[in-house]
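# Results of the structural survey
Residue strings, one per chain:
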Amino acid sequence: GAGVSQSPSNKVTEKGKDVELRCDPISGHTALYWYRQSLGQGLEFLIYFQGNSAPDKSGLPSDRFSAERTGGSVSTLTIQRTQQEDSAVYLCASSLGRGPTGGEQYFGPGTRLTVT
Amino acid sequence: AQSVTQLGSHVSVSEGALVLLRCNYSSSVPPYLFWYVQYPNQGLQLLLKYTSAATLVKGINGFEAEFKKSETSFHLTKPSAHMSDAAEYFCAVSVWTASKLTFGTGTRLQVTL
């Protein structure tokens, strides 16, 4: 079956512009995660959605970052007023749910964001 | 709080040799542990996971890992390296009631002829 998909695969933007990154999780997966992978910081958790619960935003680095998940499926990560330090690969993952049998996360190919 | 330490950012082995990638964890609660592999310009693929069942876990592509509570370790091994194993490997920890994976800094495996 189809895996997690992300778009665009690459995004180049100018400093100060806003960007939107999209994630389509695996069908039927109720949990969705965003991570960031950068040379300086490694792999970092950003935000997590589980069903209709309030999202866990504890990893968002600043208030310029936000995310939403519409209809329990597609998610959009928005970065406002981009800075050069936002350059990274943004990875999305999904899983069936929480708990020992539902926690395995499947990752998408990522969106490479370059801020010039 | 949870954390993972991967010893050795780069490991080089000869084709056919044993692969050993080290991971030590810290967790205030019983951990769930994972190894992921990342090939160039690709996302992360799960190799194997420990979820408090058997301490020796077998994964895909001939990899296995052993959970040792006394040593707080979860090292990844493969008896015989293949050229196709060259990639970056990440160890990660989570708590099943929590939501996020906490990753180590990764180990890049190089396989030489």
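Above this text sits the structure in question.
What comes next concerns the included structure. (Residues numbered from 1 in each chain as written. Chains lettered and ligands numbered in written order. Predicted model: local features only at pLDDT ≥ 70, side-chain atom pairs only at ≥ 80, totals over all residues. Heavy atoms only, no water.)

### Some details on the sheet that holds strand E7 (residues 75–79) of chain A
All names here are of chain A. Going by this rule: When DSSP finds two or more bridges between two strands, those strands count as paired. Going along the chain from the N terminus, every DSSP run of H or I of four or more residues is numbered as a helix, and every run of E of two or more is numbered as a strand. In this description, a line fitted to the C-alpha atoms serves as the axis of each element, helices being fitted only across the stretch in contact, and the angle between N-to-C directions of two axes falls anywhere from 0 to 180 degrees.
The strand order across the open sheet built from four strands is E1-E3-E7-E6, with neighbouring strands paired in antiparallel fashion. Taken across any chain shown, the strands that pair with only one partner, and hence form the sheet edges, are strand E1 (5–7) and strand E6 (65–69). Between one strand axis and the next, the sheet turns through 15 degrees on average, direction left out of account. The pairing of E1 with strand E3 (residues 19–24) spans three bridges and is antiparallel. Its bridge partner being in E3, Ser 5 is matched across the sheet by Asp 24.

### Some remarks on the interface of chain B and chain A
Just so we agree on the cut-off: Here, two residues are considered to be in contact whenever any of their heavy atoms come within 4.5 Å of each other. Buried area is calculated as the accessible area (1.4 Å probe) missing from two parts once they are joined, with the contributions of both summed. Salt bridges are defined as contacts in which a side-chain nitrogen from Lys or Arg sits within 4 Å of a carboxyl oxygen from Asp or Glu. Contacts described as polar in this section are N or O atom pairs within 3.5 Å, which, within protein, must combine one atom able to donate a hydrogen with one able to accept it, while residues neighboring in sequence count only if both atoms come from side chains.
With 18 residues of chain B in contact, the opposing surface of chain A contributes 17 residues. Across the chain B/chain A interface, buried area totals approximately 1,500 Å², and carbon plus sulfur atoms make up 55% of it. Counting across the interface, chain B meets chain A through one salt bridge. The partner of Lys49(B) in a salt bridge is Glu104(A), and the shortest N-O contact between them spans 2.9 Å. The tally of links between chain B and chain A comes to four residue pairs in polar contact (both at pLDDT 80 or more).

### With respect to the state of the cysteines
What counts is decided by this rule: Note on terminology: disulfide denotes any pair of cysteine sulfur atoms within 2.5 Å. Burial here depends on accessible area, computed with a 1.4 Å probe over protein chains only, as a share of the maximum for the residue type. Under 20% is buried, over 50% is exposed, and the range in between is partly exposed.
Applying the stated criterion across every chain, the model contains two disulfides over all chains. Through a disulfide, Cys23(A) is tied to Cys92(A); the S-S separation comes to 1.8 Å. Classification of the bridge connecting Cys23(A) and Cys92(A) rests on its S-S torsion, roughly -65 degrees, and on that basis the disulfide is left-handed. One end of the pair, Cys23(A), is in strand E3; the other, Cys92(A), is in strand E8 (residues 88–95), and 69 residues separate them in sequence. Considered together, Cys23(A) and Cys92(A) belong to a single accessibility category, that of buried residues. Disulfide pairing places Cys23(B) opposite Cys91(B) at an S-S distance of 2.0 Å. A torsion of -65 degrees about the S-S bond marks the disulfide between Cys23(B) and Cys91(B) as left-handed. A residue pair is termed long-range when its members are at least 10 positions apart, and Cys23(B) in strand E3 (residues 19–27) and Cys91(B) in strand E9 (residues 87–94) qualify at 68 residues. The same class applies to Cys23(B) as to Cys91(B), namely buried.

### Quick word on the pattern of salt bridges
Residues and elements named next belong to chain B. Under the defined criterion, the tally for this structure stands at seven salt bridges over all chains. Taking the shortest distance from any N to any O, the salt bridge between Arg 108 and Glu 88 comes out at 2.9 Å. Separated by 20 residues along the polypeptide, Arg 108 in strand E11 (residues 107–112) and Glu 88 in strand E9 bring together distant segments of the chain. Taking relative accessible area as the criterion, Arg 108 reaches 40% and is therefore assigned partly exposed.

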